[in-house]
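Fold and geometry: a report
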Amino acid sequence: MQLTNRAKKTDKRPLTLAERSYLPGIAQGMGITLKHFFSKKATIRYPEQTRYLGPVFRGHHILKRDEEGRERCTACGLCAVACPAEAISMVAAERVKGEEHLYREEKYAAAYEINMLRCIFCGLCEEACPKEAVYLRHDKFVPVFTNRDQVIYGKDQLVEDMNNRYERDAWTKEEMQKLWAKQDPVNY
Amino acid sequence: MDSVFLIKSLIILGIFAISLGIAAYETYFERVIAAYIQDRVGPDRAGPFGILQPLADAGKLFFKEDFIPTMADKWLFILGPSLAMLTALMTSAVIPFGDSILFDGHEILVQGIEVNIGILWVFGVVSLGVYGILIGGWASNNKYSLYGAIRAASQNISYELAMGLSIIAILMMSESLSLRSIVEQQHGFNWNIFYQPMGFVIFLTCSFAECNRTPFDLPESENELVAGYHTEYGSMKLGLYLFSEYVNMFVTSAVLATLFFGGFNYPGMDWVAAKLIGGFGEVTGHNLATLVGTLIFFGKIFFFIFVFMWVRWTLPRFRYDQLMDLGWKALIPLSVVNLLITAGAQLSGMPLIANWIGLAIFLVLFYLGSNIFGTKKTSL
Ligand code: SF4
Ligand code: SF4
């Protein structure tokens, strides 16, 4: 019974003299490797040359501000509930008069911390957030740390900087490939 | 006499330094060539283009823990790598790297020692080389090391036979065991490769096996034997083992170039020598012509080193029974046939044509024979 139409008939004839001497086969193989010797290299020299990570990459967290620079997070705690690793914790506070330009809602997170040692970068916090406040950046890794003091990221590391707003460079595979083509020595 | 002695010692020291230096850079080029063949860029961090990489590697090896397992035979464990390195270095002494230097009225050969048994010396020392591996593998008191060592020993023994027989064909043509006279008979473009194509293929295959290079690197196959004979070695002892492999590769390339590719001979060498002597006078001109020949010889050596690496990153490793099959059932009979053809060709008085005719006749006979008597086997 034929299951697919990709089946290939195997050649079961006895090997010819040339085939049994291996030499033509070896020469052919050496030709192939020599061709690769002169071909274009696919290496990306990492520290100097970085590559766009892709729109679906989940990296460093960011707490977004809105267009007027107010923090979006309302300390509802849904991200913390959604987090399978229990990496998020926060302290809520009430907005007082005169702080309307800082926080969008009446309640805000006085402290908001993510333990990067626990986080598994699943992105569930992003999904859970009703205020579109927490995101995982697609263009930045959480940097390597060597000390446990450095793993708890507070608001100072998480809240977006209005002078350097985070925007996604690419949304689709095609856009991503265009970005890659600009950066890489090899065109994919 | 004193100055001759001085020059001679300088040449010997130079040959040592060059062998070691080339071996060091072989490790670097091995990595670069591997990378290029695999579409990568290879080491490029240490110094410009990574040319300080061998130094970095050596430094790293020196700072690793020099460990001797408790159950190992301590002195033999130390002796193993030393022996491997010693034998690897000794062979280069008889290779004629160039013609001769005229100095102070003396003619000094560019060669460590000119002995009339040069090729025997090479073979003697090369066959001692396996002791380094065998002793190291045995002294480690580890069964994988021992397997590796035994494989090395049996492989070297079986391939040395075919290698020796293919050399005898060369010796029948040159009627001398001295490497220098073998080279001098290939004056100009009269290289042995044209007389001995089959001998060359046999010799090349056997030298891969002798150097334990892929596809014959069974003594150190990491996926079957952990790492083979050097499993228990670390630090510079392991370094010496690996390094001796590279020295061996250099020496083997030099022997290949000497025996089959004319050593320091190149087409049009008389014309170049005459021009140089005309331009720079008798002494300087002669020395310059020697220099050109030496450089060309090194070019040939580097080409063969490249071939060694090229093959390493092309062919997969043999299975052990295939390796033995190839050695005993294919290469040795072939080299005997080669011997017969050469003998006939020498007697006929027209070595070049008769060799090729003999080869053709053999191929036709073999083809017909395998068609008539051949079993329906699908592999060798
Ligand atoms: S990415 Fe996942 S693990 Fe990390 S903080 Fe968000 S929900 Fe928790
Ligand atoms: S980041 Fe979103 S989900 Fe988490 S507390 Fe703030 S508003 Fe709620």
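Structural notes, computed from the coordinates. What you see is a predicted model, and the numbers here were worked out from it, not measured in a lab.

**Brief notes about the overall build of chain B**
When you go through chain B residue by residue, the secondary structure sums to 13 helices and 2 strands. Relative to the 2.2 N^0.38 estimate, which gives 21 Å for 380 residues, the radius of gyration of chain B is 22 Å and therefore close to what a compact globule would have. C-alpha atoms of chain B, sized along the principal axes, occupy 65 × 65 × 40 Å. Buried residues in chain B amount to 52% of all 380 residues.

**What to know about the pairing of strand E3 (residues 107–115) of chain A**
All names here are of chain A. Bridge count for strand E2 (residues 88–94) against E3 is 7 bridges, and the pairing is antiparallel. Looking at E3, one finds that Ala92 is bridged to Ala109. Bridge analysis of E3 against strand E5 (residues 152–153) gives 2 bridges, and the strand direction is antiparallel. Bridged to Ile114 within E5 is Tyr153.

**Looking at the state of the cysteines**
All names here are of chain B. Throughout the structure, instances matching the rule amount to 0 disulfides over all chains. Free cysteine Cys206: the closest other cysteine sulfur is in Cys211, separated by 11 Å. Overall, the relative accessible area of 0% leaves Cys206 in the buried class.

**Overview of the pattern of salt bridges**
The tally for this structure, following the rule as stated, stands at 20 salt bridges over all chains. Notably, a salt bridge pairs Arg70 of chain A with Asp66 of chain A, separated by 3.1 Å at the nearest N-O pair. Residues Arg70 of chain A and Asp66 of chain A agree in their burial class; the two are buried. Close ionic contact of Glu245 of chain B with Arg213 of chain B constitutes a salt bridge, the shortest N to O distance being 3.3 Å. On the criterion of sequence distance, the pair formed by Glu245 of chain B in helix H9 (residues 235–260) and Arg213 of chain B in the loop between helix H7 (197–210) and helix H8 (222–225) is long-range, its members being 32 residues apart. Judged by its relative accessible area of 1%, Arg213 of chain B falls in the buried class.

Here is what the cut-offs are and how they apply
Residues numbered from 1 in each chain as written. Chains lettered and ligands numbered in written order. Predicted model: local features only at pLDDT ≥ 70, side-chain atom pairs only at ≥ 80, totals over all residues. Heavy atoms only, no water. Helix = DSSP H or I, 4+ residues; strand = E, 2+ residues; numbered from the N terminus. Rg over C-alpha atoms; globule rule 2.2 N^0.38 Å. Buried < 20%, exposed > 50% of the residue type's maximum accessible area, 1.4 Å probe, protein only. Pairing = 2+ DSSP bridges. Disulfide = S-S within 2.5 Å. Salt bridge = Lys/Arg side-chain N within 4 Å of Asp/Glu carboxyl O.

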